[in-house]
Amino acid sequence: MSLVGPRPALPAETSQYSEWVWRRLHVKPGLTGLWQVSGRSALSWDDSIRIDLQYVNNWNLRLDAAILARTVRAVLSRTGAL
């Protein structure tokens, strides 16, 4: 597991993945990620997968740094979780 990456996949989820969703598993899961700082539990499953794939397709160190900063902000403000 890495510091930043897509949310870890549950076995029950991966058994239902369509072919295009498997791309999200091409990078290590992370303790925080774009999904977590973009709405987390307020997002639909499709939106969370779309955001995870956006991260996989656009990964760079600047994006990881931005996600880490947004994570600190979300934790301190207690936003994003239901």
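Source: prediction; values computed, not measured.

Please clarify how helix 2 (residues 45-58) should be interpreted in this entry.
One turn of the α-helix equals 3.6 residues, which is why residues spaced by three or four share an orientation. The end-to-end C-alpha separation of helix 2 is 20 Å, in line with the 20 Å expected for 14 residues at 1.5 Å each. Three or more residues of helix 2 are buried, namely Ser-48, Ile-49, Ile-51, Asp-52, Leu-53, Tyr-55 and Val-56. Where helix 2 is buried, its residues touch strand 1 (2-4) and helix 3 (61-77).

Would you mind going over helix 3 with me for this structure?
Compared with the 24 Å implied by 1.5 Å per residue over 17 residues, the 24 Å span of helix 3 between its first and last C-alpha is a close match. Turning to helix 3, its buried residues number three or more, namely Leu-63, Asp-64, Ile-67, Thr-71 and Ala-74. Taken down its axis, helix 3 places every buried residue within 95° of arc, on the same side. Facing away from the buried side of helix 3 by over 90 degrees, the exposed positions are Leu-61, Arg-62, Arg-73 and Leu-76. Against the buried residues of helix 3 lie strand 1, strand 2 (30-32) and helix 2. Sitting at the amino-terminal end of helix 3 is Asn-60, which places a side-chain oxygen 3.0 Å from the backbone nitrogen of Arg-62.

How should the confidence of the model for the protein chain be read in this particular structure?
For any part of a model where pLDDT is low, the fine detail of the predicted coordinates should not be relied upon. Residues of the protein chain with pLDDT of at least 70 account for 95%, and the chain-wide mean is 87. Per-element confidence in the protein chain ranges from a low mean pLDDT of 85 for helix 1 (residues 11-14) to a high of 94 for strand 1.

What is the right way to look at a nonpolar patch on the surface in this model?
Residues Met-1, Leu-3, Leu-31 and Leu-68 make up a contiguous nonpolar surface patch of about 420 Å² in total accessible area. One can find Met-1 in the segment before strand 1. Taking the relative accessible area as the measure of exposure, Met-1 reaches 59% and is therefore exposed.

Can you help me understand the packing of aromatic side chains in this one?
Pairs of aromatic rings are described using the distance from one ring centre to the other and the angle between the two planes. Counted by the stated rule, this structure contains two aromatic pairs. Arranged with centres 5.4 Å apart and planes meeting at 75°, the rings of Tyr-17 and Trp-22 form a pair that is edge-to-face. For Trp-22, a relative accessible area of 39% puts it in the partly exposed group. Aromatic pair Tyr-17 and Trp-45: ring centres 6.2 Å apart, planes at 45°, arrangement tilted. One end of the pair, Tyr-17, is in the loop between helix 1 and strand 2; the other, Trp-45, is in helix 2, and 28 residues separate them in sequence. For Tyr-17, a relative accessible area of 8% puts it in the buried group. Among the aromatic side chains, those forming a connected cluster through ring pairs are Tyr-17, Trp-22 and Trp-45. In this structure, Arg-7 is placed above the aromatic ring of Trp-35, and the distance from its NZ or CZ to the ring centre is 5.2 Å.

About the thresholds
- Residues numbered from 1 in each chain as written.
- Predicted model: local features only at pLDDT ≥ 70, side-chain atom pairs only at ≥ 80, totals over all residues.
- Heavy atoms only, no water.
- Helix = DSSP H or I, 4+ residues; strand = E, 2+ residues; numbered from the N terminus.
- Expected span 1.5 Å × (residues − 1).
- Buried < 20%, exposed > 50% of the residue type's maximum accessible area, 1.4 Å probe, protein only.
- Contact = heavy atoms within 4.5 Å.
- Arc of directions from axis to C-beta.
- Polar contact = N/O pair within 3.5 Å; in protein donor to acceptor, adjacent residues only side chain to side chain.
- pLDDT = per-residue confidence, 0-100.
- Patch = residues over 30% accessible without salt bridge, like charges linked within 9 Å, V, L, I, M, F, W, Y side chains within 5 Å.
- Areas by Shrake-Rupley, 256 points an atom, 1.4 Å probe, with all protein chains shown as cover.
- Salt bridge = Lys/Arg side-chain N within 4 Å of Asp/Glu carboxyl O.
- Phe/Tyr/Trp six-rings, centres within 6.5 Å; stacked < 30°, edge-to-face > 60°.
- Lys NZ or Arg CZ within 6 Å of the ring centre and 35° of its normal.

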